[in-house]
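Observations on the model geometry
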Amino acid sequence: MGEATVSNAVLVTVDSLRADAVGAYADDRHTPVIDSLAARGTVFEHAFATGNWTPFSFPSILASSSVFAESGAIGVEEATTLAETLSAAGVETAGFNAANGFLTSHWGYDEGFDAFEPFVASVGASIYSKYLATHPTVEAWIQLLGSPLRRIESRIRGETDDRPFLDTSRMFDVEHAATSFLETADEPFFLWVHYMDAHTPYVPAPRYIREVSSNLLGTHQLLHAHTRTGLGLDVDDRTLEELETLYRAAVRQVDASIGRLLDTLEAEEVADDTAVVVAGDHGEEFQEHGHLAHYPKLYDELIRVPLVVDVPGAPGRRVDHGVGLDAIPPTVAALLGVDPPDEWEGESLRSTVTDGTSPTAEPVVSVTVRGDEVTAQPIPRSLADGDLYVSVRDAEWTYIENVDDGSAELYHRPSDPTQQVDRAVDPTDDDEAVIDRFAPLVDAHAATIRTDGETATPAAVDEDLGARLEALGYK
């Protein structure tokens, strides 16, 4: 055991949260709660996910392990998780996931948690809620028609929180469970909450649409955008702008919920003894490279995510070095004075947060698996489901290689932030030097994860889990 910096830790992960959706990373975004954490905590300017979607990124977030590295599977059943490590050290643990089917006991994510609830069955058990989860325009009509009555009711009750009638994202289920845990937990404790509101389909409460846009009507944007995309119509400039507005509103909705959790820490008088970590598990694309959502690609809109660590008493700072999300488990463990397992891949950032020391400047490796088509379903769950793509990043460069056919891309992000100019096509000597530096890292990582991954066969999922995955667009 090491020396603890705080007694408790809260890890908040937000599905599909790209870095520039947060005000701490983009001045024109409205996330006042996360921004307040960032102002007094440590902001990692170049934090990178290890994959483009949840099952490829979460082994690093909760087990400091690369996807496929332990058993060739996308879960963490064979890995030593953060919750297991903390629980063995006497820390009370709880994890609440807003119905992401890839973060359940089926994939080993319950291991080590004293209290764990993924809220998957509550979605799959109701035909009505399952239908709404996959038909956002219907939900939008219900919210639109009921919104005036809801606002009148809120005013009568003296309330100002214009919440949606429907909660297919399970945000309030997660918030209630997390609040209940905080009200009864004994110190030391570790709480993990995962939000899904910023994941497609975006159906934020009308209040937050109005809050992040200049359009007072708000909800009609939701109806128009989801109707066009639901019918498979072309995404014109107006529709794209509306989708981005809905996404920002959904992020703000999560931001407000995080604020209520922080209020609970204050009310329970444990805020001064609790570290708070906020991270996205991957990003979201808005046609920067031709698509929406988060299909198998490794560009910055999907890989660069926010990472904010707020430790009471530590000064606020911004860190320019590149870091991977596999640093989260050893950082949380170190803050709580718990020794990390030897097999964890990431390095603790505790001294960076508390003392301002620079983290090790190691490039961050990310992976995805792509079939014949970028948008093909089902989502890849093994290395046999397509070609393996591996990217290597530092604070300046992005190198992406299709390991199976040897094709590669290189981008210089300071001069090309949206990664449109592939410098591997006609590389200069300097470009060649970067490729020579990064390509061996790709080869080494591919060799490591392919040890078991080629023969892995994912286990079949049950009806409820299958229904939730389908509701998220994953067949």
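Okay, so let's go over this structure.

About the criteria used
- Residues numbered from 1 in each chain as written.
- Predicted model: local features only at pLDDT ≥ 70, side-chain atom pairs only at ≥ 80, totals over all residues.
- Heavy atoms only, no water.
- Helix = DSSP H or I, 4+ residues; strand = E, 2+ residues; numbered from the N terminus.
- Buried < 20%, exposed > 50% of the residue type's maximum accessible area, 1.4 Å probe, protein only.
- Areas by Shrake-Rupley, 256 points an atom, 1.4 Å probe, with all protein chains shown as cover.
- Contact = heavy atoms within 4.5 Å.
- Axes fitted to C-alpha atoms, helices over the stretch in contact; angles between N-to-C directions.
- Parallel < 35°, antiparallel > 145°, perpendicular 65-115°, else oblique.
- Left-handed = near helix turned anticlockwise from the far one by under 90°.
- Nonpolar A, V, L, I, M, F, W, Y, C, P; charged D, E, K, R; others polar.
- 1 Å grid on protein atoms, 1.4 Å probe; cavity = no way out; pocket = protein on both sides within 12 Å on 5 of 7 lines; lining within 4 Å.
- Points joined across faces, edges and corners; volume = space filled by probe spheres on them.
- Pairing = 2+ DSSP bridges.
- Core = buried A, V, L, I, M, F, W, Y, C linked by side-chain atoms within 4.5 Å.
- Arc of directions from axis to C-beta.
- Polar contact = N/O pair within 3.5 Å; in protein donor to acceptor, adjacent residues only side chain to side chain.
- Salt bridge = Lys/Arg side-chain N within 4 Å of Asp/Glu carboxyl O.
- Phe/Tyr/Trp six-rings, centres within 6.5 Å; stacked < 30°, edge-to-face > 60°.
- Lys NZ or Arg CZ within 6 Å of the ring centre and 35° of its normal.

Considerations on the overall build of the protein chain
If you tally the helices and strands in the protein chain, you get 15 helices and 15 strands. By residue count, 58% of the 475 residues in the protein chain fall in the buried class. A total of about 18500 Å² of accessible surface is found on the protein chain, and carbon and sulfur atoms cover 48% of it.

Notes on the environment of Phe-181
Here Phe-181 shows up in helix H7 (residues 171-184). Sequence separation between Phe-181 and Ala-94 is 87 residues; the distance between their C-alpha atoms is 7.4 Å. Not counting the four nearest positions on each side in its chain, Phe-181 is found in contact with Glu-92, Thr-93, Ala-94, Phe-96, Phe-189, Phe-190 and Leu-191.

A look at the packing of H7 against helix H10 (residues 237-267)
One can describe the packing of H7 onto H10 by two numbers: an axis separation of 10 Å at closest approach and a directional angle of 15°. As judged from the angle between their axes, H7 and H10 are roughly parallel. Crossing of H7 over H10 shows right-handed handedness. Counted together, Met-171, Phe-172, Glu-175, Ala-178, Thr-179, Leu-182 and Glu-183 of H7 and Gln-253, Val-254, Ser-257, Arg-260, Leu-261, Thr-264 and Leu-265 of H10 form the full contact between these two elements. Looking at side-chain class alone, the contact of H7 with H10 contains seven nonpolar, four polar and three charged residues.

Observations regarding the layout of surface pockets
Of the pockets and cavities examined, the second largest pocket occupies roughly 630 Å³. Around the second largest pocket, the lining comprises 27 residues; the ones closest to its centre are Asp-326, Glu-345, Glu-362, Pro-363 and Val-364. The set of elements that each furnish at least two residues to the lining of the second largest pocket consists of strand E11 (317-324), helix H13 (350-355), strand E12 (364-370) and helix H14 (429-453). The biggest single contributor to the lining of the second largest pocket is H14, with five residues. Tallied by class, the residues present in the lining of the second largest pocket amount to ten nonpolar, 13 polar and four charged.

Remarks on the pairing of strand E3 (residues 92-97)
A large share of E3 lies buried, amounting to five of its six residues. Sheet analysis places E3 next to strand E4 (residues 115-117), joined by three bridges and oriented parallel. Bridge pairing in E4 places Gly-95 opposite Phe-116.

Re the sheet that holds strand E15 (residues 408-412)
Ordered in space as E12-E13-E14-E15, the four strands form an open sheet in which the pairing is antiparallel. Of all the strands in the sheet, just E12 and E15 have a single pairing partner and so form its edges. Between one strand axis and the next, the sheet turns by 15° as a mean value, whatever way the strands run. Two strands pair when backbone bridges link them, and E12 and strand E13 (residues 387-393) are joined in this way by seven bridges, in the antiparallel orientation. Among the inter-strand pairings, Val-365 is bridged to a residue of E13, identified as Val-392.

A short note on helix H12 (residues 328-335)
Here H12 lies mainly inside the structure; eight of its eight residues are buried. Within H12, burial applies to Ile-328, Pro-329, Pro-330, Thr-331, Val-332, Ala-333, Ala-334 and Leu-335. The positive-phi residue at the C-terminal boundary of H12 is Gly-337, with phi of around 75°.

Quick notes on the nonpolar core
Proteins that are soluble and globular tend to have nonpolar side chains buried together. In this structure, Phe-44, Leu-86, Phe-190, Leu-307, Val-332 and Leu-388 are the most contacted members of the largest nonpolar core, which totals 68 residues. Top element by residues in this core is H14. It accounts for seven residues. If near-sequence neighbours (up to four positions away) are discounted, Phe-44 is found in contact with Tyr-25, Leu-307, Val-309, Val-319, Val-323, Leu-349, Thr-352 and Val-353.

Points about helix H1 (residues 32-40)
The set of residues buried in H1 consists of Val-33, Ile-34, Leu-37 and Ala-38. Axial view of H1: buried residues confined to an arc of 140°, hence all on one face.

Re the side chain of Glu-45
Residue position: Glu-45 is located in strand E2 (residues 42-48). A polar contact is formed between the side chain of Glu-45 and the side chain of Arg-318, at a distance of 2.6 Å.

Considering the pattern of salt bridges
The tally for this structure, following the rule as stated, stands at 15 salt bridges. Of the charged contacts in the structure, one is a salt bridge between Asp-310 and Arg-40, with a shortest N-O distance of 3.0 Å. Placement of Asp-310 in strand E10 (residues 307-310) and of Arg-40 in helix H1 is noted, with a sequence separation of 270 residues between them. Its salt-bridge partner being Arg-260, residue Glu-175 comes within 2.7 Å of it at the nearest N-O pair. With Glu-175 in helix H7 and Arg-260 in helix H10, the pair connects residues that are 85 residues apart, well separated along the chain. Look at Glu-175 and you get buried, because its relative accessible area is 9%. One continuous salt-bridge network, built from bridges that share partners, spans Arg-207, Glu-211, Arg-252 and Asp-255.

Quick notes on the packing of aromatic side chains
Counted under the stated rule, the structure contains 13 aromatic pairs. Judged by centre distance (5.9 Å) and plane angle (25°), the rings of Phe-113 and Trp-192 are stacked. Here the residue Phe-113 occupies a position in the loop between E3 and E4, and Trp-192 occupies one in strand E5 (residues 189-195), the gap between them amounting to 79 residues. Across this residue pair, the class does not change: Phe-113 and Trp-192 are buried. Put simply, the rings of Phe-58, Tyr-109, Phe-113, Phe-116, Phe-190 and Trp-192 pair up and form one aromatic cluster. Above the face of the Tyr-389 ring, Arg-370 is positioned so that its terminal group lies 4.4 Å from the ring centre.

Examining unusual backbone geometry
In this structure, Pro-188 follows Glu-187 across a cis peptide bond, with omega equal to 0°. Within the element layout of this structure, Pro-188 appears in the loop between H7 and E5. Positive phi outside glycine occurs at Ser-64, with the angle close to 50°. In this fold, Ser-64 is placed in the loop between helix H2 (54-63) and helix H3 (82-88).

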